[in-house]
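Below, each chain spelled out in residue letters.
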Amino acid sequence: MDQYPARIVVLTGAGISAESGLATFRGEDGLWEGHRVEDVATPEAFGRDPALVHKFYNARRAQLAEVEPNAAHLALARLEAEWPGAFLLVTQNVDNLHERAGSKQLIHMHGENSKAWCIACDRRSPWSAPIGEDSPCPECRAVGALRPDIVWFGEMPYDMDRIEEALRDCDLFVSIGTSGAVYPAAGFVQTARYCGARTLEMNLEPSIGSIYFGESRIGRAGELVPAWVDELLAATS
Ligand code: OAD
């Protein structure tokens, strides 16, 4: 890296949580009880069949109690704690494994499944239980107004201004465990690269936008990410 201490932006996707036991979106047959993920992850689906959408996210929320952060989550938290330059972690994941590993400079651009969002009072509450159509909002007591705090297809991801600014300013952009199928995250590499950053992807297979990365490391995040963090921190000592 020419400039030191460098500013790093890391983007993660479902692949980083795969070794913790959480299913990716586009792996295997990519279906949940016969539904395509896109069919349960839209405001239209929620309007049509809220019970089905709640069931999908309730099942995924319950799983969070059974899984632990893996070596890749822990390595990113260590990098943030020990890196002398600026660091931002942007995740597309709605699980809570990054924060449980210790990450602090973290943006959940697609929301968080461990929060409920009340569309009556617009407040968000921590949530670990199932959400039902009859669950009252703990803030305003409205019934039937809670939804999982998830950014669905067709909705605007969170904190895009902050993310865009960090991408334009960064020296190194790293993408981990994401297929590159969903925008705007899939386009981050091009923004960072256009603004002069080095770019690296670490994924089980080349992502859809693999050609935009200066370097690709192919393998499991649980092995690649700790090795990369060791490499980077060794270069600063
Ligand atoms: P995908 O399921 O599309 O992609 C996961 C990627 O991780 C794939 O390219 C896998 O090859 C890779 N992978 C699997 N296991 C891995 C491992 N152990 N180590 C490294 N890589 C591994 O998931 P995302 O790209 O995160 O959006 O999907 C993006 C968005 O689409 C999600 O945030 C979600 C979904 O619909 C919303 O819910 C709005």
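Cut-offs applied
- Residues numbered from 1 in each chain as written.
- Predicted model: local features only at pLDDT ≥ 70, side-chain atom pairs only at ≥ 80, totals over all residues.
- Heavy atoms only, no water.
- Helix = DSSP H or I, 4+ residues; strand = E, 2+ residues; numbered from the N terminus.
- Rg over C-alpha atoms; globule rule 2.2 N^0.38 Å.
- Contact = heavy atoms within 4.5 Å.
- Areas by Shrake-Rupley, 256 points an atom, 1.4 Å probe, with all protein chains shown as cover.
- Lys, Arg positive; Asp, Glu negative; His and termini not counted.
- Charge placed at Lys NZ, Arg CZ, Asp CG, Glu CD.
- Pairing = 2+ DSSP bridges.
- Axes fitted to C-alpha atoms, helices over the stretch in contact; angles between N-to-C directions.
- Near = heavy atom within 4 Å.
- Polar contact = N/O pair within 3.5 Å; in protein donor to acceptor, adjacent residues only side chain to side chain.
- Parallel < 35°, antiparallel > 145°, perpendicular 65-115°, else oblique.
- Left-handed = near helix turned anticlockwise from the far one by under 90°.
- Nonpolar A, V, L, I, M, F, W, Y, C, P; charged D, E, K, R; others polar.
- Buried < 20%, exposed > 50% of the residue type's maximum accessible area, 1.4 Å probe, protein only.
- Right-handed = clockwise from strand over helix to strand, strands pointing away.
- Core = buried A, V, L, I, M, F, W, Y, C linked by side-chain atoms within 4.5 Å.
- Expected span 1.5 Å × (residues − 1).
- Salt bridge = Lys/Arg side-chain N within 4 Å of Asp/Glu carboxyl O.

**As for the overall build of the protein chain**
When helices and strands are counted, the protein chain shows 9 helices and 11 strands. For the protein chain, whose C-alpha radius of gyration is 18 Å, the value lies close to the compact-globule estimate of 18 Å for 237 residues. Each of the three principal axes of the protein chain carries a C-alpha extent, and together these read 55 × 35 × 35 Å. When contacts within the protein chain are restricted to residue pairs at least 6 apart in sequence, long-range pairs at least 24 apart make up 64% of them. Carbon and sulfur atoms provide 51% of the accessible area of the protein chain, an area that totals close to 11,400 Å². Taking the 21 positively charged and 34 negatively charged side chains of the protein chain as two groups, their mean positions are separated by 2 Å.

**Things to note about the sheet that holds strand 5 (residues 106-108)**
On the basis of which strands lie adjacent, the open sheet formed by 6 strands has the order 5-4-1-9-10-11 and parallel pairing. If you trace the sheet from one side to the other, it starts and ends with strand 5 and strand 11 (215-218), each paired once. The mean angle between the axes of side-by-side strands here comes to 15 degrees, regardless of whether they run parallel or antiparallel. Strand contacts of helix 5 (residues 71-82): strand 1 (8-12), strand 4 (87-91) and strand 9 (172-176), with the helix running at about 155 degrees to strand 4, the strand carrying the most contacts.

**With respect to the site of the ligand**
The ligand sits among 22 residues. The nearest are Glu19, Phe25, Arg26, Thr178 and Ser179. Within the side chain of Ser179, a nitrogen or oxygen atom sits 2.6 Å from an oxygen atom of the ligand. Taking Asn203, its side chain carries an N or O atom lying 2.9 Å from an oxygen atom of the ligand. Protein chains shield 94% of the accessible area of the ligand, which is 800 Å² for the free molecule.

**Focus on the packing of helix 5 against helix 9 (residues 221-236)**
Here helix 5 crosses helix 9 at 20 degrees, and the two axes come no closer than 7 Å. In terms of orientation, helix 5 lies roughly parallel with respect to helix 9. Seen along the crossing, helix 5 lies across helix 9 with a hand that is left-handed. Counted together, Ala71, Ala72, Ala75, Leu76, Arg78, Leu79 and Glu82 of helix 5 and Ala221, Gly222, Val225, Pro226, Trp228, Val229, Asp230, Leu232 and Leu233 of helix 9 form the full contact between these two elements. Residues belonging to the contact of helix 5 with helix 9 are distributed by class as follows: 12 nonpolar, 1 polar and 3 charged.

**Examining the pairing of strand 9**
Of all 5 residues making up strand 9, 5 are buried, and the element is well covered by its neighbours. In terms of strand pairing, strand 1 meets strand 9 through 5 bridges, oriented parallel. From the neighbouring strand, Ile8 faces strand 9, where its bridge partner is Leu172. Pairing geometry for strand 9 and strand 10 (residues 198-203), over 5 bridges, is parallel. Directly across from Phe173, in strand 10, lies its bridge partner Thr199. A crossover links strand 9 with its parallel partner strand 10, the connecting element being helix 8 (residues 188-194), and its sense is right-handed.

**Some thoughts on the nonpolar core**
Counting 24 residues, the largest nonpolar core has Val10, Leu79, Ile176, Val225 and Trp228 as its most contacted members. For this core, the elements supplying multiple residues, two or more each, are strand 1, helix 5, strand 4, strand 9, strand 10 and helix 9. Residue contacts for Trp228: discarding those within four places in its chain leaves Val10, Leu76, Leu79, Leu172, Val174, Leu200, Met202 and Arg217. If you look at the next biggest cluster of nonpolar residues, it comprises 18 residues, including Met109, Leu167, Cys170 and Phe213.

**With respect to helix 4 (residues 50-63)**
For helix 4, with 14 residues, the first-to-last C-alpha span of 20 Å sits near the 20 Å given by 1.5 Å per residue. Among the residues making up helix 4, those that are buried are Leu52, Val53, His54, Phe56, Tyr57, Asn58 and Arg61.

**As for the pattern of salt bridges**
Pairing is possible between side chains that carry opposite charge, provided their charged atoms lie close to one another. One pass over the structure, following the stated rule, counts 12 salt bridges. Notably, a salt bridge pairs Glu68 with Arg100, separated by 3.7 Å at the nearest N-O pair. Of the two residues, Glu68 sits in the loop between helix 4 and helix 5 while Arg100 sits in helix 6 (residues 97-101), which places them 32 residues apart along the sequence. Under the relative-accessibility criterion, Glu68 is labelled exposed at 53%. Several salt bridges converge on common partners, so that one network encompasses Glu19, Arg220 and Glu223.

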